[in-house]
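# Chains, contacts and geometry: an overview
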Amino acid sequence: VESLEKSLGSYSSQIASLRSEVATLESEDRSLSKDHSSLRAAVSEKRSEVESLEKSLGSYSSQIASFRSEIATLESEDRSLSTDHSNLQAAVFEKRSEVE
């Protein structure tokens, strides 16, 4: 009986120790679960920000391409008008020369 009581006392002590470890691990698990949830929320928020910026960037890229196209058109028109102006000045000079 004494031997069994000693064994029972030893097991009771081990059980109490294991229960304490389980409680500690469960507490750590809850804490990590909260941290994980917070981290997942932060990742989701950052992903939304990135997607929003990508949409804005796409819009800006499209606007930039459109502006570059307009600039090229205006530069072409400017060169054409410059040529027309030069030709007109030459014609005016020629007519003046004929008049004089």
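Computed from a prediction, not measured in an experiment: that's the story for all the values here. (Residues numbered from 1 in each chain as written. Predicted model: local features only at pLDDT ≥ 70, side-chain atom pairs only at ≥ 80, totals over all residues. Heavy atoms only, no water.)

Now for the pattern of salt bridges. Under the counting rule described, the total for this entry stands at 2 salt bridges. Residues glutamate 49 and lysine 46 are paired through a salt bridge, measuring 3.6 Å at the closest nitrogen-oxygen approach. On the criterion of helical spacing, the pair formed by glutamate 49 and lysine 46 is a turn pair, its members being 3 residues apart in helix H1 (residues 2-99). What makes glutamate 49 partly exposed here is its relative accessible area of 37%. Lysine 95 is paired through a salt bridge with glutamate 98; the nearest N and O atoms lie 3.8 Å apart. Placement of both lysine 95 and glutamate 98 in helix H1 is noted, with a separation of 3 residues, approximately one turn of the helix. (Salt bridge = Lys/Arg side-chain N within 4 Å of Asp/Glu carboxyl O. Helix = DSSP H or I, 4+ residues; strand = E, 2+ residues; numbered from the N terminus. Buried < 20%, exposed > 50% of the residue type's maximum accessible area, 1.4 Å probe, protein only.)

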